[in-house]
Amino acid sequence: MRFGRTLMSFIGLTALLLSGELWLRDGFAAQKSQIVFCSTRDGNSEIYVMDSDGGNLQRLTANQVDDGDPAWSPDGKRIAFVSNRNGGFFQIYVMDVDGKNPIRLTEGVWDSNPAWSPDGQKIAFSSNPDGIGTHIAVMDADGKNPLQLIKGQQPSWSPDGDRLAFISRRDRQDEIYVIGVDGAGLKRVTHDLVAKGDPLWSPDGGRIAYWSNHEKFIQIYVVGADGKNRKRLTHNQAHNMWPAWSPDGETIAYVSSKGIDIGVREKIHLMTADGKYLRQLSDNHNGGDYKPDFGPTGLAVSPTSNEITIWGELKKLAPNLR
């Protein structure tokens, strides 16, 4: 029976590889999806998209202002982002995945960090309507019915859509908190009194990835949603920020200064969810790449049990595929 399952897996994965739908690297195969991110490679900050293997780079925005904080909608049809194209104030917009039909959703002094609810009906964001204080706010996906929840920034939805993780300095230092989308049940997750940011819930709801300066360099960590079992994922003499889970939770894209030359800024890298480094995704250029977000369709496949023997055969069949 085990042989039959292995054979079927072998046939299925071989078909996917030969059809070009998988890329293979360092013993790890993943179905191709896309990653949206912002970059200063062409001067100011603009929004780009690339395949999850780093190929097929496309520029989505092109103007004289800054566009950033891209976030893919759950249905894969839209991208929310931040821009100062309207008189210098940073506000939240949404556009089609090809960069067309941008629509402004907010009118605050400084709105940022849009995050789609799992059902695509709501967008949480960091709201600073008067230039004085930043709050977590939630609005309909068309910009209607905005509601301020609590002081804080950088919200992330739980997979069940019931809670938001966010950063707050209410206890002297940036810490991760969780609150219900109805504004109830505030809970503090981290208690280490060091700077941290960009918490992002894992697809299975069990963990939260974030960056922190526990060490000399900023590194990527994960912590249980209950605040337990903190684990450091990156271990290098570089700054590592902006973690982004793949849809199945098997890999994490992030921004790092790892291995860059003088005059070259941060690039997007990829690691497994347990911290094994895989590769640099974005190409070398004089600008920086920031805030990656996976499209909703990527599915990663990793070898388990006896099926690990499949990968040697797949490499023989398609040695040049990545």
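See the structure shown above.
Nothing here was measured: the structure is a model prediction, and the numbers come from that model.

About the thresholds
Every chain begins its residue count from 1, and numbering advances along the sequence as written. A pLDDT threshold of at least 70 governs which residues receive local features in this predicted model, and a stricter bar of 80 or more applies before side-chain atom pairs are shown or counted, although totals over entire chains, interfaces and linings include all residues. Calculated side-chain values reflect all of the structure's heavy atoms, with hydrogen atoms and water omitted. In DSSP terms, a helix is any run of H or I states spanning at least four residues, a strand is any run of E spanning at least two, and both are numbered starting from the N terminus. Counted as a polar contact is a pair of N or O atoms within 3.5 Å, where, for protein atoms, one must be capable of donating a hydrogen and the other of accepting one, and residues adjacent in sequence contribute only when both atoms are in side chains. Residue contacts are defined here by distance: any two heavy atoms, one from each residue, within 4.5 Å place the two residues in contact. In this scheme Phe, Tyr and Trp rings, the latter by its six-membered ring, pair at centre separations within 6.5 Å, and the angle between planes marks the pair as stacked below 30 degrees, edge-to-face above 60, and tilted otherwise. Only protein chains enter the accessibility calculation, which uses a 1.4 Å probe; a residue is then buried when its area is under 20% of its type maximum, exposed when over 50%, and partly exposed in between. Geometrically, a lysine NZ or arginine CZ counts as sitting over a ring once it is within 6 Å of the ring centre and also within 35 degrees of the ring normal. At least two bridges found by DSSP between two strands are what make those strands a pair.

Novice: Outline the side chain of D289, supporting the account with residue identities and numerical values.
Specialist: Structurally, the position occupied by D289 is in strand β26 (residues 289-294). Polar side-chain contacts of D289 include one of 2.8 Å to the side chain of S282. Setting aside chain neighbours within four positions, we find D289 in contact with F37, C38, S39, R41, V255, E266, K267, I268, S282 and D283.

Novice: Break down the packing of aromatic side chains for me, citing the residues and quoting the values.
Specialist: For any pair of aromatic rings, the description consists of the separation of the ring centres together with the inter-plane angle of the planes. Scanning all chains against the criterion turns up six aromatic pairs. Residues F90 and W110 carry aromatic rings whose centres are separated by 4.8 Å and whose planes lie at 45 degrees to one another, so their mutual orientation is tilted. In this pair, F90 sits in strand β8 (residues 89-96) while W110 sits in strand β10 (residues 110-116), placing the two residues 20 residues apart along the sequence. Relative to Y290, the ring of W242 has its centre 5.5 Å away and its plane inclined at 75 degrees; by these criteria the two rings are edge-to-face. With W242 in strand β22 (residues 240-245) and Y290 in strand β26, this residue pair connects regions lying 48 residues apart in the sequence. Comparing W242 with Y290 shows no difference in burial state: the two are buried. The lysine or arginine in question, R41, covers the ring of Y48, its NZ or CZ lying 5.4 Å from the ring centre. In this arrangement the basic side chain of R170 is found over the ring face of Y177, its NZ or CZ atom lying 5.6 Å from the centre.

Novice: Any details on the sheet that holds strand β20 (residues 219-224)? Residues and values, ideally.
Specialist: With antiparallel pairing, four strands are arranged side by side in an open sheet as β18-β19-β20-β21. Bordering the open sheet on either side are β18 (196-201) and β21 (231-232), each of which pairs with just one other strand. Sheet topology places strand β19 (residues 207-212) next to β20; six bridges connect them, and they run antiparallel. For S212, the partnering residue across the bridge sits in β20 and is Q219.

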